[in-house]
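# Structural overview for review
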Amino acid sequence: MNITGTHIAYLHTCHRKLWLFANGIQMEHTSQVVAEGKLIAETTYLDRARKYTELEMDGIKIDYYDAKNKVIHEVKKSDKVEHAHFAQVKYYLYILLKNGISGASAILEYPKMKQREIVEWEEDDKVRVEEWISSCSKIIHDEQCPPLLKKPICKKCSYFDFCYIQEE
């Protein structure tokens, strides 16, 4: 199984969500929050599809890649889990580097907040990203789903109903 940017983001958000997603239990299609995020990404920067290319390699899909300047543009709804967004684009930069594209950077864009964060590849990122890949693999291949950890972010999660269902 190829590790994707979504796996890396979920590693930094919730191990249970990572395990469920990787093991075929996908709830994103039922989430109003996910739908809103996709709508923001699709309608905020209308010229993106014309100016930038979509890039797929090694299991990742980058929606907006500026090949001339080697810049990934990643649009997010909010910065609530910004650390997960940083990890996701660091992983994209790792995959680019692995495929011979060095000197790339990323811009995390939060249009609703009118904020942008530049993410650069740093010397020690390779070791860190490889640790994330290893951690993802361990969680994904574990026979048991990780336990529910009640976090404030759960209320906005697409897996909320799944995780918090009450059995009678």
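Computed from a prediction, not measured in an experiment: that's the story for all the values here.

### What to know about the packing of aromatic side chains
What the rule picks out here adds up to 4 aromatic pairs. Summarising the aromatic geometry, the rings of Tyr10 and Phe21 are spaced 5.3 Å apart at their centres and angled 80° between planes, so their arrangement reads as edge-to-face. Pair noted here: Tyr10 is in helix α1 (residues 5–11) and Phe21 is in helix α2 (residues 15–22), with a separation of 11 residues, a long-range link. We note that Tyr10, like Phe21, is buried. Geometrically, the ring pair formed by Tyr94 and Trp121 is tilted, given 6.4 Å between the ring centres and 35° between the ring planes. Highlighted residues: Tyr94 in helix α5 (residues 82–98) and Trp121 in the loop between β5 (115–120) and α6 (125–141), separated in sequence by 27 residues. Residue classification places Tyr94 among the buried positions, given a relative accessible area of 10%. An aromatic cluster is built from Tyr91, Tyr94 and Trp121, whose rings are joined through pairwise contacts.

### Remarks on the pairing of strand β2 (residues 60–66)
When you tally the buried positions in β2, you get 5 out of 7 residues, the bulk of the element. The hairpin formed by strand β1 (residues 53–57) and β2 contains 2 residues between the paired strands, and Asp58 there has a positive phi angle of roughly 50°. Counting the residues in the hairpin turn of β2 and strand β3 (residues 71–75) gives 4 residues, including Lys70, whose phi is positive at 55°.

### Things to note about the confidence of the model for the chain
Caution is warranted with low-pLDDT regions, since their predicted coordinates should not be read in detail. When the pLDDT values of the chain are averaged, the result is 87; 85% of them are 70 or greater. Per-element mean pLDDT across the chain ranges from 57 in helix α3 (residues 32–44) up to 98 in α6.

### A word on α2
Among the 8 residues that make up α2, 7 are buried, leaving the element largely enclosed by the rest of the structure. Turning to α2, its buried residues number three or more, namely Arg16, Lys17, Leu18, Trp19, Leu20, Phe21 and Ala22. Looking at the buried side of α2, the elements it contacts are α1, α6 and α7 (160–164). Directly beyond the C-terminal end of α2, a positive phi value near 90° is found at Gly24.

### Focus: the pattern of salt bridges
Considering all chains together, one arrives at 8 salt bridges under this definition. With a shortest N-O distance of 3.3 Å, Glu109 and Arg116 are connected by a salt bridge. Using a relative accessible area of 0% as the deciding quantity, one classes Glu109 as buried. Since its relative accessible area comes to 52%, Arg116 is described here as exposed. The salt bridge partner of Lys126 is Glu130, with a shortest N-O separation of 3.0 Å. Highlighted residues: Lys126 and Glu130, both in helix α6, separated by 4 residues, approximately one helical turn. What makes Lys126 partly exposed here is its relative accessible area of 43%. Connected via shared salt-bridge partners are Lys90, Asp124, Asp125 and Arg128.

### Some points on the packing of α5 against α6
Put simply, α5 and α6 touch, their axes get as near as 10 Å, and they point 110° apart. Looking at the two axes, α5 sits roughly perpendicular to α6. Of the residues in α6, those touching α5 at Ala87, Lys90, Tyr91 and Tyr94 are Asp125, Lys126, Val129, Glu130, Trp132 and Ile133.

How each quantity is defined
- Residues numbered from 1 in each chain as written.
- Predicted model: local features only at pLDDT ≥ 70, side-chain atom pairs only at ≥ 80, totals over all residues.
- Heavy atoms only, no water.
- Phe/Tyr/Trp six-rings, centres within 6.5 Å; stacked < 30°, edge-to-face > 60°.
- Helix = DSSP H or I, 4+ residues; strand = E, 2+ residues; numbered from the N terminus.
- Buried < 20%, exposed > 50% of the residue type's maximum accessible area, 1.4 Å probe, protein only.
- Pairing = 2+ DSSP bridges.
- pLDDT = per-residue confidence, 0-100.
- Contact = heavy atoms within 4.5 Å.
- Salt bridge = Lys/Arg side-chain N within 4 Å of Asp/Glu carboxyl O.
- Axes fitted to C-alpha atoms, helices over the stretch in contact; angles between N-to-C directions.
- Parallel < 35°, antiparallel > 145°, perpendicular 65-115°, else oblique.

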